[in-house]
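One letter stands for each residue in the lines below.
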Amino acid sequence: MTSTGTGPGFAAPLCARFREHPLAFDALLAAGALVAMIAASFTDPHGSATGPTFGDRAPTLLGVGMMTVSAVALVLRRRRPFAVLAFVSALALIELLGETRPAPVAIGAVIALYTVASRTDRPTTWRVGLATMTTLAVAAMAFGPTPWYAQENLGVFAWTGMAAAAGDAVRSRRAFVDAIRERAERAERTREEEARRRVAEERLRIARDLHDVVAHHIALVNVQAGVAAHVMDRRPDQAKEALAHVREAGRSALEELRATVGLLRQSGDPEAPTEPAPGLAVLDGLLDSFRKAGLPVSLARTDGGRPLPAAVDLAAYRIVQEALTNVRKHAGPDARAEVSVVLVGRTVEVTVLDDGAPSAGPAAEPSGGHGLLGMRERVTALGGSLTTAPRYGGGFRVQAILPVTPGTTREAGEDR
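Structure report, in brief. (Residues numbered from 1 in each chain as written. Predicted model: local features only at pLDDT ≥ 70, side-chain atom pairs only at ≥ 80, totals over all residues. Heavy atoms only, no water.)

### Structural notes on the pattern of salt bridges
- For the structure on display, the rule yields ten salt bridges.
- We note a salt bridge from Arg197 to Glu194, for which the minimum N-O separation is 2.4 Å. Of the two residues, Arg197 and Glu194 are both situated in helix α7 (residues 151-231); the distance of three residues between them amounts to about one turn of the helix.
- Salt bridges linked by common partners bring Asp26, Arg77 and Arg78 together as one network. (Salt bridge = Lys/Arg side-chain N within 4 Å of Asp/Glu carboxyl O. Helix = DSSP H or I, 4+ residues; strand = E, 2+ residues; numbered from the N terminus.)

Here it is as structure tokens:
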């Protein structure tokens, strides 16, 4: 359908042009107001018994000048609304105090009052509106040539009141639309910030998991490879066993890396894993891998194998894994380690001790290491606390206290 000159296809560009050039719109409005005032000045509301007549009276030269000045002042109504209102109201008051009324200058006051009401707050609108309405209406009723109840006198009061009400309604609607737009923009910014935060948290989680997997298995591979190289000539059977451990550690590392990369490559929601996430239920297997690497590890558990929430279970496992990896790398070849898991009330305490040399230990990680940082991030994310410090007389101590709520523990047990 082709739009006509008066249809929406014509009005929309015109309104957009006026929004870009408000002074042009105000000039056009002032011209229209001037035409309306001149037309009204030729109209006599009491010209005949049947109704108003046109052309029975004409404005004076002074009246035409007042109407013109009032219309020109409306061009500046947006820049100085109060000054324009005061000026055109003063002209209207002068016209209303005269003995005859050939120049309806009050039309300019109505437009100026609407502008003030649409651009200020409600209390100011009603104070200024009541003052303007009262002043002009009282002047028209008390000093005009017609009775106080004449329709033109009441019209001054009605039109000024409607101008104030209309301006206040437009201002309220504009404020409502602006508030909705601001809330929508704020919600959009909040969604973007939340998305960025989730991406950052996911990157940290993936980095921690990759570090734990790679650091643990590479440390075992390094140790077993060193053993194999040392005993290759004298004890080939022991070298073969060490190489078998190397192959097993490498295969485990590749499987975990393949699973992690597979999750990252999925475009949609990740599928359910085919194997359970590591936790304290497979802690014995983890400790056996370290024992095969030459690190004596003892275990003390008082939790009775009680199921923990998945996040807490995984964090406890990774903390033990990372702490023992640090012991194997930094505590010396003769170090021994102790692991304890104690369930105390609503918390589970995971402690890893070693008796390595006083100058060694996890605290001596080379610059750029992320083991202790990753453990601290895991514990902090769950609302727990982590303590890492050298032991008196040698060795190192890592203790993590993780919160366990009864409801969460029960749900985790049901899931398992």
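### Re the pairing of strand β4 (residues 337-344)
- Here β4 shows a clear split, with Ala337, Val339, Val341 and Leu343 buried on one side and none of Glu338, Ser340, Val342 and Val344 buried on the other.
- As a crossover connection, the stretch from strand β3 (residues 297-301) through helix α10 (residues 310-330) into β4 is left-handed.
- Bridge analysis of β4 against strand β5 (residues 347-354) gives eight bridges, and the strand direction is antiparallel. By the bridge assignment for β5, Ala337 is matched with Asp354.
- Two successive antiparallel strands, β4 and β5, enclose a turn made up of two residues, where Gly345 displays a positive phi of approximately 60 degrees. (Buried < 20%, exposed > 50% of the residue type's maximum accessible area, 1.4 Å probe, protein only. Right-handed = clockwise from strand over helix to strand, strands pointing away. Pairing = 2+ DSSP bridges.)

### Thoughts on the pairing of strand β7 (residues 396-403)
- Bridge count between β5 and β7: eight bridges; the pairing is antiparallel. Looking at β7, one finds that Thr351 is bridged to Gln399.
- Two strands pair when backbone bridges link them, and strand β6 (residues 385-390) and β7 are joined in this way by six bridges, in the antiparallel orientation. Residue Ser385 lies in a different strand from β7, and its bridge partner there is Ile401.
- The turn joining β6 and β7, which pair antiparallel and follow one another in sequence, is formed by five residues; a positive phi near 95 degrees is taken by Gly393.

### Focus on the side chain of Thr115
- Along the polypeptide, Thr115 turns up in helix α5 (residues 106-118).
- Within polar-contact distance, the side chain of Thr115 engages the backbone oxygen of Ile111 at 3.0 Å.
- In this view, Thr115 contacts Arg77 and Pro81; residues no more than four positions away in its chain are not counted. (Polar contact = N/O pair within 3.5 Å; in protein donor to acceptor, adjacent residues only side chain to side chain. Contact = heavy atoms within 4.5 Å.)

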